[in-house]
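# Summary of the model geometry
Okay, here's what each chain looks like letter by letter:
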Amino acid sequence: MKLIISLITLFVLVNAGSSFAGIELNTTTGWTLKGAPLAVHGFDPVAYFTQDEALLGDAQFSTEYKEGTYRFVSEANMHMFLKKPSAYVPQYGGYCAYGTAKGKKFDGDPRLFKVVDGKLYFNLNPDVYKKWLMDPSGFIKHADENWRQIHDKQPAELW
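This report concerns the structure included in the present document. (Residues numbered from 1 in each chain as written. Predicted model: local features only at pLDDT ≥ 70, side-chain atom pairs only at ≥ 80, totals over all residues. Heavy atoms only, no water.)

### Quick look at the overall build of the protein chain
Note the cut-off: Secondary structure elements are defined from DSSP: runs of H or I of at least 4 residues count as helices, runs of E of at least 2 residues count as strands, and each element is numbered from the N terminus. Classification of residues uses two cut-offs on accessible area relative to the type maximum, computed with a 1.4 Å probe and protein chains only: under 20% is buried, over 50% is exposed, and between them is partly exposed. What makes two residues a contact is simply this: any of their non-hydrogen atoms within 4.5 Å. Throughout, the Shrake-Rupley method with a 1.4 Å probe supplies accessible areas, and for residues the shown protein chains are the sole cover considered.
Of regular secondary structure, the protein chain possesses six helices and four strands. Helices and strands in the protein chain line up, N terminus first, as α-α-β-β-α-α-β-β-α-α. Expressed as a percentage of the 159 residues in the protein chain, the buried residues total 44%. The long-range share in the protein chain, meaning contacts at least 24 apart out of those at least 6 apart in sequence, stands at 57%. Accessible surface, the protein chain: about 9000 Å² in total, of which carbon and sulfur atoms supply 57%.

The following block contains the structure:
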């Protein structure tokens, strides 16, 4: 009986992250030391703008914002984020920009990024990223229109 209760407790703890994270934000499941699920797969959202690189953040420099835990490579980056988080978070909650243009929510790979007009975009994989780079402004226009209809839907609802 103790084993069954332990397994149920473990299952709830492992899967609870997706229940508490907003569906507008692409996060990992599970918990972080800050409590909220991990946003941007642990990459530093400020580094895309200051260093034009995808850099993994450090748990010691982390903060919660809109139901996600964001990590940073330095305390300075964390403070920049805290001054104006909306300037650094990826568009479409970190979901794939190409997928959003197609009315879907695919995982966004933070290593496949582009900053366009001061906004951060991710894409699913290298092939999708190459396609998206052929017409970023066109895909952004479609994604912006679609996001208004899909932002509050679970990814599985869009299939």
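### Quick look at the layout of surface pockets
Cut-off, in case you're wondering: Method remark: on a 1 Å grid restricted to protein atoms, a set of points is classed as a cavity if a 1.4 Å probe fits but cannot get out and as a pocket if it is open with protein on both sides within 12 Å along at least five of seven lines; lining residues have an atom within 4 Å of a point. Grid points are joined across faces, edges and corners, and a volume is the space filled by probe spheres set on the points. Residues are sorted three ways: Asp, Glu, Lys and Arg are charged, Ala, Val, Leu, Ile, Met, Phe, Trp, Tyr, Cys and Pro are nonpolar, and all the rest, Gly among them, are polar.
Size it by volume and the largest pocket reaches roughly 430 Å³. If you trace the largest pocket, you find 17 residues lining it, with E24, K66, P90, G93 and W147 closest to the centre. A class-by-class count of the residues in the lining of the largest pocket yields eight nonpolar, four polar and five charged.

### Focus: the environment of Q51
Following the sequence through the fold, Q51 ends up in the loop between α2 (47-50) and β1 (58-65). Taking relative accessible area as the criterion, Q51 reaches 40% and is therefore assigned partly exposed. Among all residues touching Q51, those that are not within four sequence positions of it are V73 and N77.

### Notes on the environment of W132
Its location among the elements puts W132 in helix α5 (residues 126-133). Among the residues examined, W132 registers a relative accessible area of 0% and is labelled buried. Remark: the alpha-carbon pair of W132 and G99, spanning 33 residues in sequence, is separated by 9.6 Å. The residues touching W132, leaving out its near neighbours within four places in the chain, are A97, Y98, K114, V116, Y121, N123, F139 and I140.

### Describing the pattern of salt bridges
Keep this limit in mind: Any Lys or Arg side-chain nitrogen located within 4 Å of an Asp or Glu carboxyl oxygen qualifies as a salt bridge.
Counted under the stated rule, the structure contains one salt bridge. Between D109 and R111 there is a salt bridge, with its nearest N and O atoms 2.8 Å apart. The class of D109 is buried, set by a relative accessible area of 14%.

### Comments concerning empty space enclosed by the protein
Under the definition given, this model contains two cavities of 30 Å³ or more. When its volume is computed, the largest cavity comes out at roughly 50 Å³. As for the largest cavity, its lining consists of L25, N26, A39, V40, H41, P90, G93, G94, G108 and F122. Of the residues belonging to the lining of the largest cavity, the class tally is five nonpolar, five polar and no charged.

### Details of the pairing of strand β2 (residues 68-72)
Along any regular strand the residues' side chains alternate between the sheet's two faces. Definition in use: The rule for pairing is simple: two strands pair if DSSP sees at least two bridges between them.
Judged by how many residues are buried, β2 sits mostly within the fold: four of five residues are covered. Here β1 pairs with β2 via five bridges, running antiparallel. When the sheet's bridge partners are listed, T63 is paired in β2 with Y70. In sequence, β1 turns back onto β2 through a hairpin of two residues, with K66 there showing a positive phi of about 45°.

### Here we look at α5
We apply this condition: Picture the helix axis, draw a direction to every C-beta atom, and the arc is the one those directions span.
Turning to α5, its buried residues are V128, Y129 and W132. End-on view of α5: buried residues confined to an arc of 100°, all on one side of the axis. Exposed positions of α5 whose direction lies more than 90 degrees from the buried face are D127 and K130. Elements in contact with the buried residues of α5: α4 (97-101), β3 (109-116), β4 (119-123) and α6 (136-150).

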